[in-house]
Amino acid sequence: MALIGRDTELKELGELVDGPADRSGVVIRGEAGIGKSALVAATAAAASVAGLRVLRTTGAEAERNLAYAGLHQLLYPVRAGVTELPEPQRDALRTALGLASGAEPSAYLVGLAALTLLADEAAAKPLLLVAEDAHWLDRASADVLAFVARRIEAEPIVLVATLRDGFESPLADAGLAPMVLDRLPADTAAALLDSVAPRLAPAVRTRLLAEAAGLPLALTELPSAVAEPAVLDPVLPLTERLERTFTARVAALPEVTRTALLVAALNETTSLTETLVATSALLGVDADPAILAPAVEARLIELSAGTVTFRHPLMRSAIPASATPLDRRNAHLALVEALRDQPDRRAWHQAAASAGPDETVAAELERTAERARFRGGAAAAIAALEQAARLSPGADRRTDRLLLAAELAVESGRRETAERLVHAANPADPRRRATAGRLLSEFEDGVREDPARVAALARTAADVAADGQHDAAMRILWSAAMRCFWTEPGPEARKDLLDVADRLPVPGSDPRIVAVTAYVAPFERGEAVLGHLRELVSRTGADPEVDRYLGSAALQVGAFDLAARFSAAAAPGLRAQGRLGLLPRALAVQAWSRVRLGDLAGAVPAAAEAARFARETGQPFMAGFATAVQAEIAALRGDHKQAKTLADEAERAGLAAGARPVLATVQLTRGLTNLSEGRFEDAFADLRRLLDPADPAYQLALRAYCVPELTEAAVRAGQTDALRDVVAELEALGTSAPALRIGLRYARAVLDPGDELFAAALDADLTGWPAERGRVHLAFGEWLRRQRRVVESRTHLRTARKTFDALGMAAWADRARRELRSAGESSPNRGPDARDKLTPHELSIAQLAAEGLTNREIGQRLYLSHRTVGTHLHRIFPKLGVSSRADLAGMLKTLEG
């Protein structure tokens, strides 16, 4: 009856369940009592009739602090399939659900395990996943469901979630179609009321319609309370009036039933056994299900298959609210006794029953937090530590627990929570203040902060180091060093950081020191950094975090070949560990470096994946950086429209906060585009901005790594005098950076062209730098043609054309073709590369398939289900004109060769 007036919504949900759709599910939003549950129930019934298997989870306010409680509820019916998962996924999911002990699982690895399990189940029978009251799901479960929702487009799986107005959930941003439920119009509301209470007096009917104001729950529940004037008090909010309706029903029940209802309302689960055991302890007699029969008759609860379920969340919340504090405390204590074999739930009930500070309960909550953290439930661990802090008798223990909670908030990317906890901790001693300062410094690499903050971090690191906390000092230094990449703190702050780093009792070859030094002083210390990098490159693969540090260091000092190697080595380990927050950083470094080397085929999937994961993990500036790299790739390929669109998007991400690497890459893209389109003055102006310290696109290291492009623009725009000034300025930095050395060698040859300088540029070691070698051949060939040495020019121009064709750098290849034609040699246009027909995502899958990986292995690498991988390969094969993995491998190898 509550579905009267919901025909449109029912039809939309029915179509979603009945067959293929262009979306993976729906999130139904609306206020309490609007009819979300009724719609879901009807949809689930229709799905069962249509042959779908329905898996459910329902959020409960009391379970919000129990990590993966909602996921456990959803997957319990299919738990047998966990044993068939790949070992890393199986171990992660079993640990998360508390079925086994093991290393702390990554939330993303748990998400991949859940996705794989559900996809395998859906292969046998399509699935409808229902997540009711998603706003009350524990955060770990909600994150996993959001992860799954983003990746089921190729699966026979539909997800329907409900979300109450005024609450947020990760599922709201998971790509599910929104369905907003409004109150019923007057005529529909009247029809619903008449169907529920057909014999109301006209005056009562009019008043109930006015009071209900189109809310379905009110229309179905208020008629039973017309004899209770307080229920219809117009001063109270409608939700509170409904709660009074339920409270009035409870008050009319026998005392023993009220006691059992209070226990059931305070219990986190729907277990009838737990409710009866705790009720028995409270009453001193054995309680059986009959004790709840009056509540069933009063339409407050439903009993079925060992469960007790409230008919609406408002009923559940109204009962404890109307009980006395002593009754609530006694009910919690009874549950403590009933849950002796479940320490986490027991600890929360102990806390709820505590009348004041209690170190015993606080310590138990701290152990609960540790278990939650070990299962990957950061939000649950934070909540337990915060509650433990409230119950801590001593100020120091309170502060330590709040700072530990803040550290978990930082690790899980919850900035507002971390800031709130640090401020609540209000540490008094220097050591704890230093910890607080470090924690607040670790978000977004300080992009939004005043660059002067770097100097403050240097002082904090020095204080922490002086206190003997060298690892903590190193973490603060790394945080500060990252700020030197995203912002510009000035030479004094950089010097202060170096001084602290130099005084630490850590070897200069320590990867953390190498990375910090590279970020802070890429030119002054560049030669030493390069020496360490060349020694360490043979040890890649042992620790992905170390490889990521070293990849970042190599980028700063212009060793793009090493940066690509280190970051490529880091990515598989970060994937395997589920560290998707760090993965886009490694991928972005890999993509930026590969583009500079001319390896566009390798850069395309890395940049696309970096952007995707950065957005998913809430890293807007890293997403902007990866998008800017995608823009640069488009410019080099000659897709100027796409390059401009992506550059504008990246600029929006970086401009407000002045994220310098993003803006520098945007300007580089615009310079490349204008160069290709023949607007040389504009190109020079775009690129010159990278070298202006007052410009937000100025980045200390990256400014030195676009010398070839700046040279091209300056010479063609008649700005050779300005270029000579730039070259002199950059030469003063030293030439330890390989990219700078290569760029300056090219600039000298173009500024003062001659056989010797061009020959010297070609004789240099450009192994691994094919784009730079092609650029020198092109410039040499152009100069030779202008010197009327046409026959000699063709050799270099032909080499340049072949190089740029192979690299996919269409804009440069076209330029070489034009020069060759001017030199009298026919040069046919390049046909489209088969790889150009693939999206970046498809190219990534194709490359992994060509390496011999199975669909399941590819899915594990890219955090997709194996069925989704298979769907993509079915699209890829006809695009490339191949019919097998062997053909695919051969084609890609031919293209790369």
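Shown above is the structure to which this text applies.
### Describing the overall build of the protein
(1) Moving on: Each helix and strand in the protein was counted, giving 45 helices and seven strands.
(2) Moving on: Taken against the 2.2 N^0.38 rule, which gives 29 Å for 897 residues, the C-alpha radius of gyration of the protein at 32 Å falls within 12% of a compact globule.
(3) Moving on: In terms of principal-axis extent, the alpha carbons of the protein reach across some 105 × 65 × 50 Å.
(4) Moving on: Scored against the burial criterion, the 897 residues of the protein give a buried share of 56%.
(5) Moving on: Taking the intrachain contacts of the protein between residues at least 6 apart in sequence as the baseline, contacts between residues at least 24 apart amount to 67%.

### So, the packing of aromatic side chains
(1) Moving on: Enumeration over the complete set of coordinates arrives at 18 aromatic pairs.
(2) Moving on: Ring centres 6.4 Å apart and planes at 75° place the aromatic pair W136 and F167 in the edge-to-face group. With W136 in the loop between β3 (127-132) and α6 (139-149) and F167 in the loop between β4 (157-164) and β5 (177-180), this residue pair connects regions lying 31 residues apart in the sequence.
(3) Moving on: Note on W136: relative accessible area 9%, which makes it buried.
(4) Moving on: By way of ring pairs, the aromatic residues W478, F485, W486, Y519, Y549 and F625 are connected into one cluster.

### Topic: the packing of helix α39 (residues 770-786) against helix α40 (residues 790-807)
(1) Moving on: Axis separation between α39 and α40 bottoms out at 8 Å; the angle between their running directions is 150°. Taken together, the axis directions place α39 and α40 in an arrangement best described as roughly antiparallel. Crossing hand, α39 versus α40: left-handed. Of α40, the residues touching α39 (which contributes P770, A771, G774, R775, H777, L778, F780, G781, E782, L784 and R785) are V790, E792, S793, H796, L797, T799, A800, T803, F804 and L807.
(2) Moving on: Its residues placed into classes, the contact of α39 with α40 shows 10 nonpolar, seven polar and four charged.

### A closer look at the environment of Q667
(1) Moving on: Note on placement: Q667 falls in helix α33 (residues 660-676).
(2) Moving on: It is 74 Å that separates the C-alpha atoms of Q667 and A287, two residues lying 380 residues apart in sequence.
(3) Moving on: Sequence-distant contacts of Q667, defined by excluding residues within four places in its chain, comprise E651, D686, L687, R689, L690 and A697.
(4) Moving on: Within the local environment of Q667, its side chain forms a polar contact with the backbone oxygen of D686, the two atoms lying 3.4 Å apart.

### Structural notes on helix α26 (residues 526-536)
(1) Moving on: Every buried residue of α26 is listed here: G526, V529, L530, L533 and L536. Buried residues of α26, seen end-on, are gathered within an arc of 130° and therefore sit on one face of the element.
(2) Moving on: Buried residues in α26 make contact with α25 (511-520), α27 (544-556), α28 (560-576) and α37 (738-751).

### A short note on the sheet that holds β4
(1) Moving on: Spatially, the five strands line up as an open sheet ordered β2-β3-β4-β1-β5, and their pairing is parallel. A single partner strand is all that each edge strand has here, and the edge strands are β2 (53-58) and β5. Here the average twist between neighbouring strands, direction ignored, is 15°.
(2) Moving on: The sheet contact formed by strand β1 (residues 25-30) and β5 spans four bridges and is parallel. Bridging from a neighbouring strand, V26 pairs with A177 of β5.

### A short note on the nonpolar core
(1) Moving on: With 237 residues, the main nonpolar core has L71, L93, W486, L533 and Y705 as its most contacted residues.
(2) Moving on: Counting residues in hydrophobic clusters, the runner-up holds 62 residues, among them A177, L272, F310 and A323.

### Description of the side chain of S24
(1) Moving on: As for its placement among the helices and strands, S24 is situated in the loop between α1 (7-18) and β1.
(2) Moving on: A polar contact is formed between the side chain of S24 and the backbone oxygen of A149, at a distance of 3.1 Å.
(3) Moving on: Setting aside its immediate chain neighbours within four residues, S24 contacts A149, I152, I157, V158, L159 and L176.

### Some details on the environment of S392
(1) Moving on: Locating S392 in the fold gives a position in the loop between α18 (378-390) and α19 (395-411).
(2) Moving on: Given a relative accessible area of 7%, S392 falls into the buried group.
(3) Moving on: Placed 468 residues apart in sequence, S392 and Q860 show a C-alpha to C-alpha distance of 43 Å.
(4) Moving on: Once you skip the residues sitting within four places of it in the chain, S392 turns out to touch P357, E359, A362, R397, R398 and R401.
(5) Moving on: One polar contact links the side chain of S392 to the main-chain carbonyl oxygen of A388, over a distance of 2.7 Å.

### Let's talk about unusual backbone geometry
(1) Moving on: Unusually for a residue other than glycine, D133 sits at a positive phi of about 50°.
(2) Moving on: Along the polypeptide, D133 turns up in the loop between β3 and α6.
(3) Moving on: Phi is positive for N426, close to 45°, though the residue is something other than glycine.

### A closer look at the pairing of β3
(1) Moving on: Where burial is concerned, most of β3 is hidden: six out of the six residues are buried.
(2) Moving on: Residues L127, L129 and A131 line one face of β3 and the alternating positions L128, V130 and E132 line the opposite face, and both faces are buried.
(3) Moving on: The sheet contact formed by β3 and β4 spans five bridges and is parallel. Counterpart to L128 in the pairing with β4 is V158.
(4) Moving on: Between the parallel pair β3 and β4, the chain is carried across by α6, and the sense of this crossover is right-handed.

### Comments concerning the side chain of S865
(1) Moving on: Mapped onto the secondary structure, S865 falls in the loop between α43 (855-862) and α44 (866-880).
(2) Moving on: Residue class for S865 comes out buried when judged on its relative accessible area of 0%.
(3) Moving on: Residues within four places of S865 in sequence aside, it is in contact with L115, A119 and E155.

### Observations regarding the packing of helix α29 (residues 583-597) against helix α31 (residues 620-637)
For any two helices packed against each other, one specifies the crossing angle of their axes together with the interaxial distance.
(1) Moving on: Interaxial distance between α29 and α31 falls to 10 Å at its minimum, and their mutual angle equals 25°. Classed by the angle they form, the pair α29 and α31 counts as roughly parallel. Relative to α31, the crossing made by α29 is left-handed. Only M622, F625, V629, E632, I633 and L636 of α31 make contact with α29, whose side of the interface consists of P584, R585, A588, A591, W592, V595 and R596.
(2) Moving on: Residue composition of the contact of α29 with α31, by class: 10 nonpolar, no polar and three charged.

Rules behind the numbers
- Residues numbered from 1 in each chain as written.
- Predicted model: local features only at pLDDT ≥ 70, side-chain atom pairs only at ≥ 80, totals over all residues.
- Heavy atoms only, no water.
- Helix = DSSP H or I, 4+ residues; strand = E, 2+ residues; numbered from the N terminus.
- Rg over C-alpha atoms; globule rule 2.2 N^0.38 Å.
- Buried < 20%, exposed > 50% of the residue type's maximum accessible area, 1.4 Å probe, protein only.
- Contact = heavy atoms within 4.5 Å.
- Phe/Tyr/Trp six-rings, centres within 6.5 Å; stacked < 30°, edge-to-face > 60°.
- Axes fitted to C-alpha atoms, helices over the stretch in contact; angles between N-to-C directions.
- Parallel < 35°, antiparallel > 145°, perpendicular 65-115°, else oblique.
- Left-handed = near helix turned anticlockwise from the far one by under 90°.
- Nonpolar A, V, L, I, M, F, W, Y, C, P; charged D, E, K, R; others polar.
- Polar contact = N/O pair within 3.5 Å; in protein donor to acceptor, adjacent residues only side chain to side chain.
- Arc of directions from axis to C-beta.
- Pairing = 2+ DSSP bridges.
- Core = buried A, V, L, I, M, F, W, Y, C linked by side-chain atoms within 4.5 Å.
- Right-handed = clockwise from strand over helix to strand, strands pointing away.

Bear in mind that shape data such as this cannot, by itself, settle questions of function.
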